[in-house]
Structure formats: structure tokens, C-alpha cells
Amino acid sequence: MTGNDTTSRLFSQIPSMEGMRGRLLQRTSGDKYIWGIVVLLAIISVLVVYSATGSLAYKMNRGNNEIYLFKQLAFMMMGILIIYFLHRVNYTIYSRVATILFMVSIPLLIYTLFFGARINEGSRWIKLPIINMTFQTSDFAKLALFMYISRMLSRKQEVIKDFKKGFLPVVIPVVIICALIMPANLSNALLTGATSLLLMFIGRVSLKHIFLTIAVAAIPIVLIVMVAMATYDGSHRSAATAGTGETISEQVKGYGRLGTWVRRVQDFVYARGNETPYQIQQAKIAIANGGILMGLGPGNSRQRNYLPQAYNDFIYSIIIEEYGLLGGAFIIFIYLLFLFRCIRIFRRCPYAFGAFLALGLSFTLVIQAVANMAVNVNLVPVTGVTLPLVSMGGSSFLFTCGAIGIILSVARNVEQQEGRALAAATDPIIPQPIPTHGKPGK
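I will try to describe carefully the structure that is included in this document. (Residues numbered from 1 in each chain as written. Predicted model: local features only at pLDDT ≥ 70, side-chain atom pairs only at ≥ 80, totals over all residues. Heavy atoms only, no water.)

**Observations regarding the side chain of threonine 213**
Here is step 1 of the chain: Within the secondary structure, threonine 213 is located in helix 10 (residues 207-231).
Here is step 2 of the chain: Judged by relative accessible area, threonine 213 falls into the buried class, the value being 17%.
Here is step 3 of the chain: Here the side chain of threonine 213 touches histidine 209 through a polar contact of 2.9 Å, landing on its backbone oxygen.
Here is step 4 of the chain: In contact with threonine 213, not counting residues within four places along its chain, are Phe167, Val171 and Leu197. (Helix = DSSP H or I, 4+ residues; strand = E, 2+ residues; numbered from the N terminus. Buried < 20%, exposed > 50% of the residue type's maximum accessible area, 1.4 Å probe, protein only. Polar contact = N/O pair within 3.5 Å; in protein donor to acceptor, adjacent residues only side chain to side chain. Contact = heavy atoms within 4.5 Å.)

Laid out in C-alpha cells, this is it:
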């Protein structure tokens, strides 16, 4: 064999780009638009997080923010692997493990309330000892909850209008999870409850039962607003404690995070000018810097050095500052496209559990994104929710990837079923010869 033949043989064994692309598309089945959205948001996340971690790098790593770049890249790769692994699993398995995951989430939330790591005035995390990483148990609980209520909605469709047999088995798990999340993270509990009620509405739960749930859930919210309004005297101080100099939030510290909630309501309703919370002031300056079209450009944010949590809760304002309102509108469009594709999966899925699961998980991600963006532009009080797939990586980032992997698992199953149905419909039937004489078949 000549040298040229050996070289040709070696190069012929190297897979071509077209072949690699074909195998990759075959392995990553499911909705291709959702895959594209995941990759696009991951790229945006790397760019914006790298830009927004300047002040954090200065405080923690002597200005070396390449550490956070590589950390974000590592989370991105882990997240894509999670999506790939979960989307290869048949989604019916999630129905089988939903009850177990839900039962596990309850003691996890209870443990977090009493023994969790306290960060930013809230006990929301468990610290994993070996890898030294904080794990937000509410993210796990939400994922388990939506698996469980999707299972219950699909199994209770025949009696879903009945209060005892249909409604209570669905709403009680929601009440338990939201009640356990609420003491440490009221906004997360409200978003979880709102998403659950929306899924119940689509699952044909009686409207009177849904409105009853909303009325009961609104009681603590109304009480918080009433306390905030009754104790405000023009300078965030209670009239009863004006002589002591204690603010209402300081006086009710013994009641968990009630003081924080009251202060945030007062800030949102009454604060003007210099009384506006520092985070909101800096977020507004960042948005104003961005302008309408192009913004300051990638990596040129000015407020990243002054805005607390610029890489996390307030990353949307940094996006607008660097990419303009046009960039901010593009992010909104991406999430709406994601929701549209998930609704399409819901409509195409022949089985109730998969349809409810895909829609419930997509609702929780999009509603969380809307809440984060609303906080950044000061439409709602400050909350502690991140921008899915964009904020700096952590347990929330990985659980978001897990939710998307499950959605893609449903989409993959739908594609396979549609492919089999199409193949059965178009399978060529071999024509039998028509006899010209005698009995047929002879």
C-alpha cells in the first residue's frame, strides 16, 4: 500500500462536518427552537455576567473577573449536560418519580427554614459540604411540585370539577410548598402559587375554586400592605416608635422577614427621589445610560460598579445599559418565543401529563423572567428572583436547565410519535397483481 493510499484511508475515517452535524441533530432531538434559545441565552449570559462581575471581582479576587467568566462557562456546560441527559429520558418516568420528589422536597424545605445558610437576610439555602456550594431548596421543590400537580391534574380529569375528589388533591400540595417557601422568600412563593393556579385553570379546575384560593392567598398580602400603610409617617418610621428612632422593619425583626416585606412595600409605594432604595436608583441610572438603540456597548457598563447584585437580580438593567432598550426588548422576545414553542408542545402532546408538565415548567420560567424584568424597571417591589439562564450560575441556573431538559423530553416524545404516525400513514403498500382470468389469487 502506498503512502498516498494510507493517508487517504486515514482521512476517510475522520467524520465529516456534515456527518457530525447529522449525528448531533439526531442525538439532540426535541424542539430545535428551544435548543437555539438555550444556546443564545447561554451566550448572552456569559457576555453579561463577565461584564457585570467587575465590582465583585474587585472585592473578592483583586479585580480578576476571569474567575467568574470560567465559573459561568463551567455552569453553562453543566447546564447543557443536564438538559441533554434529561431530554433523553422518556418523560413518563417523571410521572413515576413525581410523588417521591415531592415528598423529599417537604423535609428539605423544613430543614432549610431552621438550619439553612442565611444569605442576604434569608434562610433559603443548604450548603453542600463537599463541593462547598449553596443549594436553594425552593428550586428543587418547585420542580417537584410541577411534576406532581401535572400528574394529579392528568389523573383527576374525570372528577376535576369536584371539590373533594378533584380540587383538594391538586391544591393541597401547592399550599404546602408555598407555605414552606414563604417565610424565607415571599416573592418566590407568590410566583409559584400564581403559576400553579394558571396551570389549574388550563387543567379545567373550577373557576370558583380558583377564585376561592386566590381570596385566601390574598389575606396575608393585604395584611402586609395594611401594616405598611398604617405605620408609614413620611420617613419610613412608625408614628408609635418615632421617639425611639426605630423603624417599623427594625421593630418587627422578631417576626421573620415581616419587616423586610413591610419596608419594601413602603419603598415601592411612598419612596420618591433620594428616598428610593439604592438598588432601584442605580438600576434606573443604568437604564437611562443605555438609551434606545445600541446602548454603551458590550463590556462598557458604568453602573456595574455601583449596582448591588448587578450580575444576578439586576442583570436585566445591565443588559439595557450595554445593549439599549432594543437589547432589552430582544430578551423579552426570546422568552415569549420560548413560551410560544412550549404552548405548541402542549397542543401537540397526546397525553395530559406531558402537556401539563411542559406548560407548567414553561410558565414558571417565563413568569420568573417577567418578575425579574419588572423589578429592574421598578414596576413591582424588589424581589429576589433571577433572570432564568442569564443571571450568574448557581443552583437556580442548574434547576432551570433541568426544567428545560424535561420540556425537551416531552417535545422529543411528541416528535417520535408524530414520526411513527407519519411513517405508518405514508408506508407504501405493495400492489398485488390483478388476475386477468380465473379466480383471484390463482
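**Comments concerning the environment of alanine 52**
Here is step 1 of the chain: Inspection of the secondary structure puts alanine 52 in helix 3 (residues 32-52).
Here is step 2 of the chain: On the accessibility criterion, alanine 52 (0% relative accessible area) is buried.
Here is step 3 of the chain: Along the sequence, alanine 52 and alanine 310 sit 258 residues apart, while their C-alpha atoms lie 5.8 Å from each other.

**Some thoughts on helix 10**
Here is step 1 of the chain: For helix 10, with 25 residues, the first-to-last C-alpha span of 36 Å sits near the 36 Å given by 1.5 Å per residue.
Here is step 2 of the chain: At isoleucine 219, helix 10 shows its maximal bend, which comes to roughly 30 degrees, and the proline proline 220 appears one to four places after that position.
Here is step 3 of the chain: Of all the positions in helix 10, only His209, Ile210, Thr213, Ile224, Ala228 and Thr231 are classed as buried. (Expected span 1.5 Å × (residues − 1). Bend = angle between axes of the 7 residues up to and from the residue.)

**Here's the deal with the pattern of salt bridges**
Here is step 1 of the chain: Inspection of the entire model under this criterion finds one salt bridge.
Here is step 2 of the chain: The partner of aspartate 31 in a salt bridge is arginine 341, and the shortest N-O contact between them spans 3.0 Å. With aspartate 31 in the loop between helix 2 (17-27) and helix 3 and arginine 341 in helix 14 (residues 315-348), this residue pair connects regions lying 310 residues apart in the sequence. Residues aspartate 31 and arginine 341 agree in their burial class; the two are buried. (Salt bridge = Lys/Arg side-chain N within 4 Å of Asp/Glu carboxyl O.)

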